[in-house]
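A closer look at the structure
Each chain, letter by letter, is given below.
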Amino acid sequence: MREKPEGLLKWAHAFSAFMNAGDERLDNDLVFSQVRDADQDVYEADSYEQEWAEHEQEEKQEVIERLERWRALKGYRAARRAYALLCVTICMIMIVVLLYTVGSLPAYGDPNHPINNEVSARYIEKGLQETGAVNIVTGMILDYRAFDTLGESTVLFTGAMVVLFLLRADAQSHKYSALAQTMKDSPHSETFYEPHRDVILQKTAMILVPVVLIFGVYVVLNGHLSPGGGFSGGAIMGAGLMLYVTAFGFASIRRFFTYKTYQFVVLIALLTYAMSKCYSFYTGANHIESIIPLGTPGAILSSGLILVLNICVGFVVTCTMYAFYAMFRKGEM
Amino acid sequence: MTAIVVLMLLFLIVCAVAVCLTRDLLTSVVIYMSFSLIMSVVWITLESPDLAITEAAVGAGITSLLFFLTLKKIHAIDARNEVRRRHAQQKQDKGGASGNA
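All names here are of chain A. Here helix 14 (residues 305-329) spans 36 Å end to end across 25 residues, near enough to the 36 Å set by a 1.5 Å rise per residue. Within helix 14, 23 of the 25 residues are buried, which leaves the element mostly enclosed by the surrounding structure. In the stretch just after helix 14, Gly 331 is the one whose phi turns positive, near 90 degrees.

Put into structure tokens, the structure is as follows:
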């Protein structure tokens, strides 16, 4: 009976050492070096490799013990058989159903395909005339099915909000630990969660970031003329911002993009989207002529509200992608 | 053309299986990235350039980046290497101390 608590204690010790090691791994700056110096005597005696191997061994032993205890139980064999049988059966059923479905699908490009009905015929025949967009996909997404796209933007925005709620490090909160507070107050907090200034990355980013951002703007603005649109262009611009942050740090990007900017841009973009869609739904549903001209197809200033909607979606997606990155990286913008 | 498409579809299957079978999380994220890249080329051959752009930007770029950040946050990338590094550093420190003495 005496051995068991001792074993547990040993395991707990190994575990706490492991956890401390995990804490110490954060030390990519000087903030923790003092803590590490203080802890040095604790670690000095042990060899880390040995400690790690010991910990792994303990963990394995624990698992094996638990497995052996479980094997000693009566239901073990039956449960294992049932589990294996269930796994194989479900997998086989899924494979058969999926293969059967794929086999009974019409061939790719078949003219008698059920999706080639009057809806797509109407989109193809009258799409250019009704929406003014040369890129028929954008015409569909942002005109005929703009309501769906509004929902998609809102889903993305809601996702960003949830990430904000969950990951935002709020210094005012009581749950915010003292350690995090010291990290925030320390002079090195700007670089704590960021990579060391890498010359190769910075030089590459200096060339790449403007190109990426301009390409994103091009994709957004030409959404109604060529492949692309608000979402793709926004994602490209978001990736450009991420590259910028990774190379130059949060302090540089805060010169032009803060949390307030994020709130303002996203709010204005979503409101503009909703209002312009309200207008077109109202006029469309009541058979009122829209006063916004469609312009000549192919020109950059054409296709009525689609350009505005594309720009709005682009802004929302850019800001949201960057917000995801900043929250995951640092917990704040 | 058909041969290239078939080759890419085979790559897709290989990538999908490899993602499941890899034990290292970092490796599986990289394989997932390559899956997205191949998928974006497949979208082009299926004549949907819109989807190809989005797949390349979101699937191969941003999703993988968020995965990398999550792995960094839960210390899944450098747990083993960090222990090795500290061990080597300590060895060096000890060696330096004895050399001085």
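Now that the structure has been shown, we can carry on.
What follows is about unusual backbone geometry. For Glu 47 of chain B, which is not glycine, the phi torsion reads 60 degrees and is therefore positive. Summarising the element assignment, Glu 47 of chain B is placed in the loop between helix 2 (25-45) and helix 3 (49-73).

Bringing helix 10 (residues 199-221) of chain A into the picture now. Between its terminal C-alpha atoms helix 10 of chain A stretches 33 Å, which fits the 33 Å expected from 23 residues at 1.5 Å a residue. The largest bend along helix 10 of chain A measures about 35 degrees and falls at Ala 205 of chain A. Along helix 10 of chain A, the positions that sit buried rather than exposed are Val 212, Gly 216, Val 219 and Val 220 of chain A. Summarising the contacts, the buried residues of helix 10 of chain A are in contact with helix 11 (230-248) and helix 14 of chain A together with helix 3 of chain B.

So, about the packing of helix 2 of chain B against helix 3 of chain B. Angle between the axes and distance between the axes: these two values describe a pair of packed helices. Residues and elements named next belong to chain B. Running from N to C, helix 2 and helix 3 cross one another at 175 degrees; their axes reach a closest spacing of 7 Å. When the axes of helix 2 and helix 3 are compared, the pair comes out roughly antiparallel. From helix 2, Leu 25, Leu 26, Val 29, Tyr 32, Met 33, Ser 36, Leu 37, Met 39, Ser 40, Trp 43 and Ile 44 reach across to helix 3, where they touch Pro 49, Leu 51, Ala 52, Glu 55, Ala 56, Gly 59, Ala 60, Ser 64, Phe 67, Phe 68 and Leu 71. Here the contact of helix 2 with helix 3 is composed, by residue class, of 17 nonpolar, four polar and one charged.

Quick look at the confidence of the model for chain B now. Residue and element names in this part refer to chain B. The predicted model of chain B has a mean per-residue pLDDT of 82, with 83% of residues at 70 or higher. Per-residue pLDDT, averaged within each element of chain B, yields its smallest value for helix 4 (residues 79-100) (64) and its largest for helix 2 (91). For this predicted complex, the interface score ipTM comes out at 0.73, while the overall pTM is 0.68.

About the cut-offs
Residues numbered from 1 in each chain as written. Chains lettered and ligands numbered in written order. Predicted model: local features only at pLDDT ≥ 70, side-chain atom pairs only at ≥ 80, totals over all residues. Helix = DSSP H or I, 4+ residues; strand = E, 2+ residues; numbered from the N terminus. Expected span 1.5 Å × (residues − 1). Buried ≥ 20, exposed ≤ 12 C-beta atoms within 10 Å, placed from the backbone. Bend = angle between axes of the 7 residues up to and from the residue. Contact = placed C-beta atoms within 7 Å. Axes fitted to C-alpha atoms, helices over the stretch in contact; angles between N-to-C directions. Parallel < 35°, antiparallel > 145°, perpendicular 65-115°, else oblique. Nonpolar A, V, L, I, M, F, W, Y, C, P; charged D, E, K, R; others polar. pLDDT = per-residue confidence, 0-100.

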